[in-house]
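Survey of secondary and tertiary structure
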Amino acid sequence: MNASAGGAVTTMKKGENTVRYDIVMVTYNSMKWLRACVAALAAVDYPLEELHLVFADNGSTDGTPQLLRSLGASVTEEVISPWRFDTARNRSMELIPPD
């Protein structure tokens, strides 16, 4: 929700001064946190069609990619070796489709 200068609360709708947000998450054995994370993102008071979630998994063995797919996510699995978060993040950014 957005609070205006006068304190009134408004709900944003698609096309009403909204921007598209690309949210990138690099995952590795993150299954125990993902349900709450995805639920929190789905509950935001912002047009969901303006939120683009990118999950890049680095070879999880705990079922993380399968859980994400069961929640309707598109998942790219790629092992980055040697592991570096900055490399994983940058590779994830390449997965964001152009506007």
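Fair warning: this is a prediction, and the values are worked out from it, not measured in the lab.

Quick notes on the rules
Residues numbered from 1 in each chain as written. Predicted model: local features only at pLDDT ≥ 70, side-chain atom pairs only at ≥ 80, totals over all residues. Heavy atoms only, no water. Helix = DSSP H or I, 4+ residues; strand = E, 2+ residues; numbered from the N terminus. Buried < 20%, exposed > 50% of the residue type's maximum accessible area, 1.4 Å probe, protein only. Polar contact = N/O pair within 3.5 Å; in protein donor to acceptor, adjacent residues only side chain to side chain. Contact = heavy atoms within 4.5 Å. Right-handed = clockwise from strand over helix to strand, strands pointing away. Pairing = 2+ DSSP bridges.

1. Focus: the side chain of threonine 64
Take threonine 64: it is sitting in helix 2 (residues 64-70). Assessed through its relative accessible area of 0%, threonine 64 is described here as buried. Reaching out from threonine 64, the side chain makes a polar contact with the side chain of aspartate 62 at a distance of 2.6 Å. In this structure threonine 64 touches Thr27, Asn29, Ser30, Met31, Leu34 and Asp57, once residues within four positions along its chain are discounted.

2. Quick notes on the environment of leucine 34
If you trace the backbone, leucine 34 turns up in helix 1 (residues 31-42). Exposure remark for leucine 34: the relative accessible area of 2% places this residue in the buried category. Apart from the residues lying within four places of it in its own chain, the contact partners of leucine 34 are Thr27, Phe55, Thr64, Leu67 and Leu68.

3. Here we look at the pairing of strand 4 (residues 51-57)
Most of strand 4 is tucked away: 5 of the 7 residues are buried. Taking the sense of rotation as the criterion, the β-α-β connection linking strand 3 (residues 21-27), helix 1 and strand 4 turns out right-handed. One ladder, built from 3 bridges, connects strand 4 with strand 5 (residues 75-77); its direction is parallel. Bridge pairing links alanine 56 to threonine 76 in strand 5. Of the crossover connections in this fold, the one passing from strand 4 over helix 2 to the parallel strand 5 is right-handed.

These figures capture arrangement, not role.
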